[in-house]
Amino acid sequence: MVMFLFLVVALAVVVAAVTLAVVGGGENGPLTEAAPERLSDPLPPDRPVDRADVEGLRFPLVARGYRMADVDDALGRLGAELAERDARIADLESALAGARAAAARVAVEKTDPRGDRP
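Values in this document were obtained by computation on a predicted structure and should not be read as measured data.

A. A look at the overall build of the protein. For the protein, the helix and strand inventory stands at three helices and two strands. Excluding contacts between residues fewer than 6 apart, the proportion of contacts in the protein whose partners are at least 24 apart in sequence is 48%. Here the protein displays about 10200 Å² of accessible surface, and carbon together with sulfur accounts for 65% of that area.

B. Summary view of helix α3 (residues 68–111). An ideal rise of 1.5 Å per residue puts 64 Å on 44 residues; α3 measures up with 64 Å between its terminal C-alpha atoms. All buried positions along α3 are accounted for by Asp70, Ala74 and Glu81.

C. Local environment of the confidence of the model for the protein. Of all residues in the protein, 80% have pLDDT values of 70 or greater, and the mean over the chain is 83. Model confidence for the protein, summarised as mean pLDDT per element, is weakest for strand β1 (residues 61–62) at 78 and strongest for α3 at 91.

D. A look at the pattern of salt bridges. If you walk through the whole model with that rule in mind, you get five salt bridges. Measuring nitrogen to oxygen at the nearest pair gives 3.9 Å for the salt bridge that ties Asp50 to Arg47. Since its relative accessible area comes to 37%, Arg47 is described here as partly exposed. Three or more residues are tied together by salt bridges with common partners; here these are Arg47, Asp50 and Asp53.

E. Spotlight on the side chain of Glu81. On the secondary structure map, Glu81 appears in helix α3. Taking the relative accessible area as the measure of exposure, Glu81 reaches 11% and is therefore buried. The residues touching Glu81, leaving out its near neighbours within four places in the chain, are Arg47, Pro48 and Val49.

F. Focus on a nonpolar patch on the surface. On the surface, a cluster of nonpolar side chains totalling about 400 Å² of accessible area is made up of Val14, Val18, Val22 and Val23. Turning to its location among the elements, Val23 is positioned in helix α1 (residues 2–24).

G. Local environment of the packing of aromatic side chains. The tally for this structure, following the rule as stated, stands at one aromatic pair. When the centroid spacing of 6.0 Å and the interplanar angle of 65° are considered together, the rings of Phe59 and Tyr66 count as edge-to-face.

H. Representation of the environment of Ala69 within the structure. As for its placement among the helices and strands, Ala69 is situated in helix α3. Along the backbone, Ala69 and Arg38 are 31 residues apart, and their C-alpha atoms lie at a distance of 9.7 Å.

I. The environment of Leu78, seen in detail. Its location among the elements puts Leu78 in helix α3. By relative accessible area, which is 22% here, Leu78 ends up partly exposed. For the pair Leu78 and Val49, spaced 29 residues apart in sequence, the C-alpha to C-alpha distance is 7.7 Å. In this structure Leu78 touches Leu43, Val49 and Val54, once residues within four positions along its chain are discounted.

Reading guide: rules and limits
- Residues numbered from 1 in each chain as written.
- Predicted model: local features only at pLDDT ≥ 70, side-chain atom pairs only at ≥ 80, totals over all residues.
- Heavy atoms only, no water.
- Helix = DSSP H or I, 4+ residues; strand = E, 2+ residues; numbered from the N terminus.
- Contact = heavy atoms within 4.5 Å.
- Areas by Shrake-Rupley, 256 points an atom, 1.4 Å probe, with all protein chains shown as cover.
- Expected span 1.5 Å × (residues − 1).
- Buried < 20%, exposed > 50% of the residue type's maximum accessible area, 1.4 Å probe, protein only.
- pLDDT = per-residue confidence, 0-100.
- Salt bridge = Lys/Arg side-chain N within 4 Å of Asp/Glu carboxyl O.
- Patch = residues over 30% accessible without salt bridge, like charges linked within 9 Å, V, L, I, M, F, W, Y side chains within 5 Å.
- Phe/Tyr/Trp six-rings, centres within 6.5 Å; stacked < 30°, edge-to-face > 60°.

Here's what the structure looks like:
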């Protein structure tokens, strides 16, 4: 019986100590809310993205994978830059085709100075 009473008193002391520690929070008060982990090294905003930027991109892990906002931002930025580069490539290819056509006309005119074409 004495052992049972000792265990009940010990349990009450432990519960009281844990309650005081949680409620009182010690000298600093309750724990503050941790700031969410964000992408520490995002894609550079001041220059085009290169291969090293994409290879170095690491998303912080959260409970269910990756933070969707960080992934969406990175994919949106990469998609916009790819679209811009595709448009620039199309413009340059069009300009090159025009320059080649003009050069071909000049070459034909040099071989046939009268302008007679068969």
